[in-house]
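Chain by chain, the residues:
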Amino acid sequence: MDEVKIMEKKWWKESVVYQIYPRSFKDSNGDGIGDINGITEKLDYLKELGIDVIWLSPVYQSPNDDNGYDISDYQAIMEEFGTMEDFDRMLAEAHKRGIRIVMDLVVNHTSDEHAWFVESKKSRENPYRDYYIWREGKDGKEPNNWGSVFNGSAWVYDETTDMYYLHLFSKKQPDLNWDNPKVREEVFSMMNWWCEKGIDGFRMDVISMISKVEGLPDGKVQGGLYGDASPYVQNGPHVHEYLQEMNKEVLSKYDLLTVGECAGVTIEEAKKYASNKGTELGMVFQFEHMDLDQGEFSKWSDKKVKLTALKENLTKWQNELEGKAWNSLFWCNHDQPRVVSRFGNDSKEYREVSAKMLATCLHLMQGTPYVYQGEELGMTNVPFASVDEFKDIESINAYHEYVESGLISKEDMMRYLCYKSRDNARTPMQWNAQKNAGFTTGTPWIKVNPNYVEINAEEEVKRADSVFSYYKKLIALRHQEEVIVYGHYELLLPESEELYVYTRELNEEKLLVICNFTDKEVSYAVPDEFVGKEILISNYEEQEIKQELSLKPYEAIVVRR
Ligand code: GLC
Ligand code: CA
């Protein structure tokens, strides 16, 4: 097979990335907030897990309207998280252990407290005015009908200059004007500064949204109060041109892992963003599989995904990008609920096996896998009791907008929040069974999931059949078996609503991956070439691979031909 020839080998294709949300990872000084020294303390834990790269959610100076995704100084560390010296030490300690660090790059917008915006607001003539997107109102109203991702209008009126500024996210996250060459220059020079420091790459926040369609036309109003901006801001007219420029000015000069968060990305677009030619980025995060369980009010729903739909979608990405662009693989991040509660089963009986099954299903695919903190423990969604327990701006704003307008009842919205809120991913990492899960000696900034008494790292690291030990094994397997990294993917049984079965093949090597997505026993007729063959990994006691296999609830088995 000649895929490998087409697919150039790269370290970042062979890596497993671990995402850290610093605020919730480990508090080192008792103020209830995770910090950089806390991360340094836990590097040995990550080394034990076996990951290669850390993606660090933002640690820059920020007023924390959106937990660090609103940056007021790109070259300073958030006080709550520590100092630049702490950062340098963490980077050096990580490198000592062979772990690379990828920074979050949030440059679609800044904080409204960034010096550029403070200047920009001062007058229509200010040299920084065109760093942002300012427009005149229309008939005494907003320049267009766009809604912000965090609800409400995407525009804020500013009295000083009698104009509106655009914010696709919160009011405190004004969008940068990428059409201004000075903005691009500033961003590139800041990126070069971090690269010179020795960081190993960038995860680029909503990078598919940096170029807006000229004229900013009104969007369609569906199921909410505002127009949908996405067709005019996602994969916009100049996005590839700007990323090629970034590649030339920054990325091409270093050996980096780059991954673009590309809301609304299609296969065709992904082939441009993450082309094997290396003209833009290394890979993209696509979100289609995360959107399959959306309902009438977009993500606010408790709909369950159909397995056939999930398989069809993931298979499309596996097949279409092969040899052309590189996939990223993820079930979880700081914006998504916990996967074991979403696509698995978080009951006492099935939490561990279903978490391991989901991990198997994802980690055996082609692409770079991402593990989000706590996923390796099988951490679950959180029993939030009332809206006051949420800290996330998206969840709080959505609750008020939908409930107060009468579009969704209080009870339904609470159920949707418990199922989908980003705060499910943001409760503290569960380190041990002591107070506050060992996350802090103080008062944690967000509630701790009460199940830390059973689900925690200390217990799982030492137990051979824990979710942690299983992730460790999966990660080690990927490092050993080239077929897991580069092999060709093929879906079997596309019609089954119970089993996700696929093969991976590279030269003489062939693997069969069988995953039972249900809480029932399911039988499966094993293809001849795998009967009686060796099991590479499985989440139950190993059984002999007979022609007629009976799979236990959430069983996952990988067989080598
Ligand atoms: C991305 C981040 C999310 C953030 C948003 C605005 O989607 O992942 O956490 O709120 O961008 O920066
Ligand atoms: Ca702290």
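Just so it is clear, the structure is predicted and the values come from calculations on it, not from any experiment.

J.: Kindly report on the overall build of the chain, identifying the contributing residues and their values.
T.: A count of helices and strands for the chain gives 18 helices and 20 strands. Computed over the C-alpha atoms, the radius of gyration of the chain is 23 Å, within 12% of the 24 Å expected from 2.2 N^0.38 for a compact globule of 561 residues. Seen along its three principal axes, the alpha-carbon backbone of the chain occupies a region of about 75 × 50 × 50 Å. Expressed as a percentage of its 561 residues, the buried residues of the chain come to 63%. Considering only intrachain contacts with a sequence separation of at least 6, the fraction spanning at least 24 residues in the chain is 71%. Carbon and sulfur atoms make up 47% of the accessible area of the chain, which totals about 21200 Å².

J.: I'd like a description of the sheet that holds strand β13 (residues 368-372), backed by residues and values.
T.: An order of β1-β2-β5-β9-β10-β11-β12-β13 is seen for the eight strands of this closed barrel, with the pairing classed as parallel. Here the average twist between neighbouring strands, direction ignored, is 25°. With two bridges connecting them, strand β12 (residues 326-329) and β13 associate as parallel partners. If you follow S328 over to β13, its bridge partner there is T368.

J.: Lay out the packing of aromatic side chains in plain terms, naming residues and giving numbers.
T.: Scanning the model with the defined rule gives 33 aromatic pairs in all. Plain terms: the ring middles of Y74 and W116 are 6.1 Å apart, the flat faces sit at 40° to each other, and that makes the pair tilted. Placement of the pair is Y74 in strand β4 (residues 73-77) and W116 in helix α5 (residues 115-120), with a sequence separation of 42 residues. Of the two residues, Y74 and W116, neither departs from the other in class, the shared state being buried. A ring pair is formed by W326 and Y486, whose centres lie 6.0 Å apart and whose planes are at 50°; its orientation type is tilted. Here Y486 lies in helix α18 (residues 482-486) and W326 lies in strand β12, a separation of 160 residues in the sequence. The exposure class assigned to W326 is buried, which follows from its relative accessible area of 1%. Taken together, the aromatic side chains of Y60, Y74, F87, W116, Y128, Y131, W193 and W194 make up a single cluster linked through ring pairs. When the ring centre of W431 is taken as reference, the NZ or CZ atom of K42 above it lies at 4.2 Å. For the cation-ring pair, R100 lies above W11, with the distance from its terminal atom to the ring centre recorded as 3.7 Å.

J.: Requested: an account of the coordination of the calcium ion (ligand 2), with residues and values cited.
T.: Taken together, D27 (OD), N29 (OD1), D31 (OD), I33 (O) and D35 (OD) make up the full set of protein donors to the calcium ion (ligand 2), lying 2.3 to 2.4 Å away. In primary sequence terms, the donor set of the calcium ion (ligand 2) follows D-x1-N-x1-D-x1-I-x1-D. Classification of D31 by relative accessible area gives partly exposed; the value is 36%. With relative accessibility at 3%, the residue D35 sits in the buried group.

J.: Just give me the short version of the confidence of the model for the chain, but keep the residues and values in it.
T.: The share of residues in the chain with pLDDT of 70 or more is 99%, and the mean pLDDT across the chain is 97. Below pLDDT 50 for its whole length, residues 1-5 participates in eight contacts with residues either more than four positions away or in separate chains.

Conventions we followed
- Residues numbered from 1 in each chain as written.
- Chains lettered and ligands numbered in written order.
- Predicted model: local features only at pLDDT ≥ 70, side-chain atom pairs only at ≥ 80, totals over all residues.
- Heavy atoms only, no water.
- Helix = DSSP H or I, 4+ residues; strand = E, 2+ residues; numbered from the N terminus.
- Rg over C-alpha atoms; globule rule 2.2 N^0.38 Å.
- Buried < 20%, exposed > 50% of the residue type's maximum accessible area, 1.4 Å probe, protein only.
- Contact = heavy atoms within 4.5 Å.
- Areas by Shrake-Rupley, 256 points an atom, 1.4 Å probe, with all protein chains shown as cover.
- Pairing = 2+ DSSP bridges.
- Axes fitted to C-alpha atoms, helices over the stretch in contact; angles between N-to-C directions.
- Phe/Tyr/Trp six-rings, centres within 6.5 Å; stacked < 30°, edge-to-face > 60°.
- Lys NZ or Arg CZ within 6 Å of the ring centre and 35° of its normal.
- Donors = N, O, S within 2.8 Å, 3.2 Å for Na, K, Ca; no water.
- pLDDT = per-residue confidence, 0-100.

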